[in-house]
Amino acid sequence: LESQNYHRLPVKKTATRFGWMGDKGKECFLIGNQFIDSDGEITQTSIDERAEQWDTDGVVFRGNSIGENQIAEGYQPVGNYGDWVNAVVTASTYPVVMATIYASLTAPMLSILGCKNFIFSIDGDTSYGKTSAAGAGASVWGNPDISSPGAAMVTWGTTLYAIERRAAALRGLAVVLDDTKLAPKVRGEQEIIPKVIYMVAS
């Protein structure tokens, strides 16, 4: 049945991760439900529509779980680009905030430049703006609101497996984790933190 009707079946390329696609990443960049081709053209992609309505060009993100599909929801352009730029200009007098933005913008360049992953950490006392600074870095790519499903920034209050899956899906983008105090403890130790740092750095 399939062989006889293959030419009639709609086909859509899917990926279980974001980032560069194709031969040496030259074909496109996928972020959320946006496909950016080699000419810089941006197309909204989806496979929720009826099959006969599929745009067969490009690649669409399709996670291995509901949680991974939720991640894609947080990586959508919302608001006004000019307002975001104005907010960054306002924040430009704060070096730590700008460092998070630069670190986040650097993520897609690592594979192009042949560089390894790096970890950027903001340490300090409570209520000095660490979460706001991290949110500025997350806002480069998506929704930094931790309370939103699929937010571009999540807390350390999760499992090692969940962070591994998030890192695998966000290939080519920054993984932003907030508030180490929320990291689960095993026998009084927050073992997840050094494990994640080793995983990402490796």
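Keep in mind the model is a prediction, meaning the values are calculated, not measured.

A.B. asks: Help me understand the overall build of the protein chain in this model?
C.D. replies: If you tally the helices and strands in the protein chain, you get 8 helices and 8 strands. Structurally, the protein chain occupies a C-alpha span of about 65 × 45 × 35 Å along its principal axes. Residues classed as buried in the protein chain amount to 31% of the 202 residues present. Excluding contacts between residues fewer than 6 apart, the proportion of contacts in the protein chain whose partners are at least 24 apart in sequence is 57%. Of the roughly 12800 Å² that the protein chain leaves accessible, carbon and sulfur atoms contribute 54%. If you average the places of the 17 positive and of the 22 negative side-chain charges in the protein chain, the two averages end up 7 Å apart.

A.B. asks: What is the right way to read the side chain of Glu-68 from this model?
C.D. replies: By the secondary structure assignment, Glu-68 is in helix H2 (residues 66–73). Given a relative accessible area of 4%, Glu-68 falls into the buried group. Within the structure, Glu-68 has its side chain in polar contact with the side chain of Arg-165 (distance 2.8 Å). Once residues within four sequence positions are removed from consideration, Glu-68 is found in contact with Thr-16, Phe-61, Gly-63 and Arg-165.

A.B. asks: Hey, could you run me through the confidence of the model for the protein chain in this one?
C.D. replies: In regions of low pLDDT, the predicted coordinates are not meant to be interpreted in detail. Summing up the model confidence of the protein chain, the mean pLDDT is 87 and the portion of residues at 70 or higher is 94%. Of all secondary-structure elements in the protein chain, the lowest mean pLDDT belongs to strand E5 (residues 42–44), at 82, while helix H4 (residues 95–106) reaches the highest, 95.

A.B. asks: Hey, could you run me through helix H8 (residues 192–201) in this one?
C.D. replies: Note that an α-helix has 3.6 residues per turn; residues three or four places apart therefore point the same way. Regarding H8, the residues found buried are Ile-192, Ile-193 and Val-196. All buried residues of H8 fall inside an arc of 100 degrees around its axis, so they share one side. Facing away from the buried side of H8, by more than 90 degrees, are the exposed residues Pro-194 and Tyr-198. The elements touched by buried residues of H8 are helix H7 (160–169) and strand E8 (176–178).

A.B. asks: Even after reading the chapter, I still don't get the packing of H4 against helix H6 (residues 130–138), so can you show me in this structure?
C.D. replies: Between two packed helices, the angle of one axis relative to the other and the distance separating the axes together describe the packing. The N-to-C vectors of H4 and H6 enclose an angle of 30 degrees; their axes lie 7 Å apart at closest approach. In terms of axis orientation, H4 runs roughly parallel to H6. Viewed along their axes, H4 and H6 form a crossing whose handedness is right-handed. In this structure, H4 uses Val-96, Val-97, Thr-100, Ile-101 and Ser-104 to contact H6, whose residues at the interface are Ala-133, Ala-134, Ala-136 and Gly-137. Among the residues forming the contact of H4 with H6, the class breakdown is 6 nonpolar, 3 polar and no charged.

A.B. asks: What exactly am I supposed to notice about the environment of Ala-174 here?
C.D. replies: For Ala-174, the location among the structural elements is in the loop between H7 and E8. Excluding its chain neighbours within four sequence positions, the residues that come into contact with Ala-174 are Tyr-75, Ser-104 and Ala-107.

Quick notes on the rules
- Residues numbered from 1 in each chain as written.
- Predicted model: local features only at pLDDT ≥ 70, side-chain atom pairs only at ≥ 80, totals over all residues.
- Heavy atoms only, no water.
- Helix = DSSP H or I, 4+ residues; strand = E, 2+ residues; numbered from the N terminus.
- Buried < 20%, exposed > 50% of the residue type's maximum accessible area, 1.4 Å probe, protein only.
- Contact = heavy atoms within 4.5 Å.
- Areas by Shrake-Rupley, 256 points an atom, 1.4 Å probe, with all protein chains shown as cover.
- Lys, Arg positive; Asp, Glu negative; His and termini not counted.
- Charge placed at Lys NZ, Arg CZ, Asp CG, Glu CD.
- Polar contact = N/O pair within 3.5 Å; in protein donor to acceptor, adjacent residues only side chain to side chain.
- pLDDT = per-residue confidence, 0-100.
- Arc of directions from axis to C-beta.
- Axes fitted to C-alpha atoms, helices over the stretch in contact; angles between N-to-C directions.
- Parallel < 35°, antiparallel > 145°, perpendicular 65-115°, else oblique.
- Left-handed = near helix turned anticlockwise from the far one by under 90°.
- Nonpolar A, V, L, I, M, F, W, Y, C, P; charged D, E, K, R; others polar.

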